[in-house]
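Residue-level listing of the chains:
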Amino acid sequence: MTSNLAAVSYGVNLSPESLENVLKVLADAGASVSSESQGGDERFGVHTADLVVDADTEAGILTVRRLVAEAAEAGVDTAIVSGSLRQAPRKFLIMDVDSTLIQQEVIELLAAHAGKREEVAAVTEAAMRGELDFAQSLHARVAVLAGLPAAVVDAVRQEVRLSLGAAELVAAFKEAGHVVAVVSGGFNQILGPIAEELGLDYWIANELEIVDGVLTGKVLGSVIDRAAKEKYLREWAAAEGISLEHTIAVGDGANDLDMLSAAGLGVAFNAKPAVRAVADAVITMPYLDAVRHIANV
């Protein structure tokens, strides 16, 4: 049995030599190239090779991914993507927010106003590596915010910067008729205006408790953790009538792992090693809109 796949290579150092290396690895893995195309812009190059692979099991496709990843050169990544996903008339893109849709970790920006940025950043880093329970670590980090005036939230909102290419990625998916969602372990008070500005179809995050104009150091309701992220991916895709094989999830930390695993394509964006090791595709450059090339949008 043959499988129709695409090998999408992208990077700031994409060169004929690096592509030759990728194509050699693919040929050695038994993949034949049926067509090729070039893309990208002045920031990064993109090369797409449509493939026919003699692999009748998912394990066979995983082998191709592993061989390509092991041979990767610095500055160049290659995603092996199913033709079914790339050709789907309607796709569902779901993304993490902190260090994915946006460049910063909001909890660290908030903690800076309490003089606790370094302390909180260390906990965040450990949680994203999967060394700490996310919900417990979130409660501990939010606790240091107790007593801060609510105006701090407005100040932090002004500090937030979208990742490079994030707005372009969302716009491209929306213009093509696809669905875009974000799910965040961060906070609704920060995410809400961003989601509205981008025109996202679905979004959810944690809610900071504010009483009498002051942060209490608590969050309201259940924490949006790794299990919740997968749950919302499944719920929202089902609500849109889009099968999981036509979903793309993007994230960087351990709390994104369940979501990335459940999606048709899980993309690790400048991610922690544990996430890169299991993701279907990896982006190691700062341009989030590489996802549109991977997904053929």
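Now for a description of the structure that goes with this document. Counting from 1, residues in each chain are numbered in the order their sequence is written. For this predicted model, a pLDDT threshold of at least 70 governs which residues receive local features, and a threshold of 80 or more governs which side-chain atom pairs are given and counted, while totals over whole chains, interfaces and linings are taken from all residues. Excluding hydrogens and water, the side-chain values take into account all heavy atoms of the structure.

1. A closer look at the overall build of the protein
Defined as follows: Each helix is a run of DSSP H or I of at least 4 residues and each strand a run of E of at least 2, with the numbering of both proceeding from the N terminus. For a compact globule the rule gives 2.2 Å times the number of residues to the power 0.38, and the radius of gyration it is set against comes from C-alpha atoms. The buried label goes to any residue with under 20% of its type's maximum accessible area, the exposed label to any with over 50%, and the partly exposed label to all in between, with areas taken from a 1.4 Å probe on protein chains only. Contacts: residue pairs with any heavy atoms within 4.5 Å of one another. Areas reported as accessible are Shrake-Rupley estimates using a 1.4 Å probe. Residue values count occlusion only from the protein chains shown. Lys and Arg are tallied as positive, Asp and Glu as negative. Neither His nor the chain termini are counted. One atom stands in for each charge, and that atom is NZ of Lys, CZ of Arg, CG of Asp or CD of Glu.
Tallying secondary structure elements over the protein gives 13 helices and 11 strands in all. Taking 2.2 N^0.38 as the reference for a compact globule, 297 residues should give roughly 19 Å; the C-alpha atoms of the protein span a radius of gyration of 20 Å, in line with that estimate. Projected onto its principal axes, the C-alpha coordinates of the protein cover approximately 65 × 40 × 35 Å. Counting over 297 residues, the protein shows a buried share of 52%. Put simply, of all contacts in the protein between residues at least 6 apart along the chain, 66% involve residues at least 24 apart. Accessible area of the protein: about 12,600 Å², with a carbon and sulfur share of 49%. Within the protein, the 42 negative side-chain charges are centred at a point lying 2 Å from the centre of the 22 positive side-chain charges.

2. Topic: the environment of Tyr287
Relative to the helices and strands, Tyr287 resides in the loop between strand 11 (281–283) and helix 13 (290–295). For Tyr287, a relative accessible area of 16% translates into the label buried. Measuring from C-alpha to C-alpha, the distance between Tyr287 and Gly185 comes to 22 Å, with 102 residues separating the pair along the chain. Residue contacts for Tyr287: discarding those within four places in its chain leaves Val12, Arg43, Phe44, Leu164 and Phe269.

3. A look at helix 8 (residues 166–175)
Put simply, the rule is: The directions considered for the arc are those from the helix axis to the C-beta atoms.
Every buried residue of helix 8 is listed here: Ala166, Leu169, Val170, Ala172 and Phe173. Down the axis of helix 8, the buried side of the element spans an arc of 160 degrees, and every buried residue falls inside it. The secondary structure elements touched by the buried residues of helix 8 are strand 5 (92–95), strand 6 (179–187), helix 9 (188–198), strand 9 (247–251) and helix 13. The positive-phi residue at the C-terminal boundary of helix 8 is Gly177, with phi of around 85 degrees.

4. So, the sheet that holds strand 6
Stated precisely, the cut-off is as follows: A pair of strands is labelled paired if DSSP reports no fewer than 2 bridges between them. Geometry is summarised by axes, namely lines fitted to C-alpha atoms with helices restricted to the contacting stretch, and by angles between N-to-C directions that run from 0 to 180 degrees.
If you trace the seven strands from one edge of the open sheet to the other, you get 8-7-6-5-9-10-11, paired in mixed fashion. For this open sheet the edge positions go to strand 8 (214–220) and strand 11, each flanked by a neighbour on one side alone. Strand-to-strand twist in this sheet, taken as the mean axis angle between neighbours without regard to direction, amounts to 25 degrees. In terms of strand pairing, strand 5 meets strand 9 through four bridges, oriented parallel. Residue pairing in the sheet places Leu93 in a bridge with Ile248 of strand 9.

These figures come from the coordinates and say nothing about function on their own.
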